[in-house]
Amino acid sequence: MRQTLQLRLGQQLTMTPQLQQAIRLLQLSSLELRTEIQQALESNMMLELDEEGEPASDEESAGAEEEAPSAEERIPEDLPLDTSWEEIYDGTTALSAGGREDGDLDPLDNRPHGDGGLREHLLEQVGLERLSERDRALAEVVVDAIGEDGYLAADPAELCAALPADWAVEPAEIEAVRQRIRHLDPAGVGARNLQEALLPQLRQLPADTPWRDAAITAVSEHLDTLAQRAPEALAAALGVDTAAGAEILALVRTLDPRPGLQVGNAAADYIVPDVTVSRHDGRWRVELNSETAPRLRINAYYASLIRQMERGSDSSCLRSHLQEARWLIKSLRSRNETLLRVASAIVERQQGFFEHGEEAMQPLVLREIAEAVEMHESTISRITTNKYMDTPRGTLEFKYFFSSHVQTHDGGEASATAIRARIRRLIAEEDRCQPLSDSAIARTLQEEGIQVARRTVAKYRESLSIAPSAERKTPRRATR
C-alpha cells in the first residue's frame, strides 16, 4: 500500500460556548426559559434581576481588569443542519400533574417530566428500529407531526415544505417512513384517516378471531355502510345474514378510532405567550411579553471585587462567573431581538388573517421568513417552535401561521389553512338533510377559483374531525 500526502481545503463552523448557548436559548419555550434563568441566578453570583430598568451595559458593570471576548458573536446565517434534528424538530415539553399516595396534591409535581406521552412512546420505538441516520431524522419529523389522537394531519408534501431545502426530501421518502411508523405501537398510529386507524387494529387480532376477516373487508370496502351502524345494511353489503352483520359491527365497535389516546399522560400544558399582537392607530403592533424573560444585569458589587483581588483561584472564579453572566445576558438579548423580528415578519405577512380570520390566511413557509429577516431556515425553525402569540384571535403558536399552498385558477396560491376554514364554513351552512359530499365541496371550491381535488377535500375534512356526509345526514321530519 502506497502512502500519499494530500492537501484539502474546507470550511468548518466552530461552535463556541457562547454561540452554542445562543442557539440553545432560541429553542426554549417561555416556561423552559424561566427555569433556565432561575438556575443561572442561583448558580452565578454575578447575575441579579433588574427590576428597575434595562440591563446594565458591559462598561457600567465590568469592574474587572479583563474584559469578556471583544467580538460579539452572532448566530451565523449558514447554521449546519446536521448538528441535531432534535434541536430543530423538538415537540412541546409535557407537563404532568401527579398526586401523592396519601391523596394530597403536591403543587411541585406539576412540572415537566421526561416521560411525556405519545411522542416519547413513539420515539423510544423509533430508536429500536434499524433505520439509517436520514430515515431516523425523518421519522422524528413525522412523529412530531402526529397529533395526540394518533392521526397525521399533514401530508408528505407539507412536511417536505417545512424541512430545510438543503435536505432535498421527497414526499415519497416521508411516506415510506410513515409506513414504518404505522407498524409501531399503538396499532393505527400515524393514520391519515379512520380506515387507516382501524385496519391495523383488526389485523393484529388472532387469525381465529370470529368475523375478523369480514370486519377487515367491511372497513376496507364498506366504511360508509359501517357508519350507518345498521346490521341489516352491513349484512347486505357483505352477503351475510343479519345476525352475522350484528357481530361484525360489534367487533368493529371494539376498535379505537383515536389510537393515540391509548398512550399519554393527561398533561397540564401551560402556555405563556412570548409576544403580544395588538392594533394601534390602524396598524398591527408586536411587542415582547416582558413576563416571559426577566431582565438581568451584572451585580456591580461582586464585579468590583475582581479589581481588588490579586490573581488567584478566587479571582479566577469571579472572572469566570462574570464572563458567563455576560454571555447569558447577550444571548438573551439576541434571542429577544430574533423573536421580535420573526414575529413581526409573520404578522406583516398574515395581516389578512388578523383582519378577517382563517379564510384570509396566506400560504407561508419557513424560507420566506428566513429571507425576510436574513437568517437561515434552521434558525427560524428553532425560534418558531413552542413560541406563542397573544392575539385578538386567541393565543396561537408561531407554527400555526405556516402552511402549504394550493394553486388557484388565476395562477395565485391559497393557503391550506384558509381552505380548511372555507370547508368548515361550507359544512356549517349546509342543509343537514342534504349534506355536502366531498365532491360537491370540491366543485364549490373550484368555482371559487381554488384547484382542489375531492381526495384533498376529504383529507382536510378529516383533519378538522368532521364526519363524512353520510354521518352528518339528518332525516327530514315529516310534515302534517
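In this text, all values refer to a predicted model and were calculated from it rather than measured experimentally.

Looking at the confidence of the model for the protein chain
Now for step 1: On average, the protein chain scores 77 in pLDDT, and the residues at 70 or more come to 77%.
Now for step 2: Residue range residues 55-115 is modelled with pLDDT below 50. Its contacts to residues more than four positions away, or to other chains, number 128 contacts.

Some remarks on unusual backbone geometry
Now for step 1: At the junction of Asp185 and Pro186, the peptide bond is cis and its omega measures out at 5° in the coordinates.
Now for step 2: Within the secondary structure, Pro186 sits in the loop between helix 8 (171-181) and helix 9 (194-203).
Now for step 3: Of note, Ala168 is a non-glycine position whose phi angle comes to about 50°, a positive value.
Now for step 4: Inspection of the secondary structure assignment puts Ala168 in the loop between helix 7 (156-162) and helix 8.

Notes on the pattern of salt bridges
Now for step 1: Summed over the entire model, instances satisfying the criterion amount to 19 salt bridges.
Now for step 2: One salt bridge in this structure joins Arg420 and Glu158, with 3.6 Å as the shortest N-O distance. Of the two residues, Arg420 sits in helix 19 (residues 416-428) while Glu158 sits in helix 7, which places them 262 residues apart along the sequence. Across the pair, exposure class does not vary: Arg420 and Glu158 are buried alike.
Now for step 3: The residue Arg212 makes a salt bridge to Asp213 at a minimum N-O spacing of 3.1 Å.
Now for step 4: Members of the salt-bridge network, linked through shared partners, are Arg119, Glu120 and Asp144.

Let's talk about the sheet that holds strand 7 (residues 388-391)
Now for step 1: With mixed pairing, the 4 strands of this open sheet are ordered in space as 5-4-7-8. A single partner strand is all that each edge strand has here, and the edge strands are strand 5 (283-288) and strand 8 (394-397). Each strand axis lies, on average, 25° off the axis of its neighbour in the sheet, ignoring direction.
Now for step 2: Pairing analysis gives 2 bridges linking strand 4 (residues 275-280) to strand 7, with the strands arranged parallel.

The rules behind each value
Residues numbered from 1 in each chain as written. Predicted model: local features only at pLDDT ≥ 70, side-chain atom pairs only at ≥ 80, totals over all residues. Heavy atoms only, no water. pLDDT = per-residue confidence, 0-100. Contact = heavy atoms within 4.5 Å. Helix = DSSP H or I, 4+ residues; strand = E, 2+ residues; numbered from the N terminus. Salt bridge = Lys/Arg side-chain N within 4 Å of Asp/Glu carboxyl O. Buried < 20%, exposed > 50% of the residue type's maximum accessible area, 1.4 Å probe, protein only. Pairing = 2+ DSSP bridges. Axes fitted to C-alpha atoms, helices over the stretch in contact; angles between N-to-C directions.

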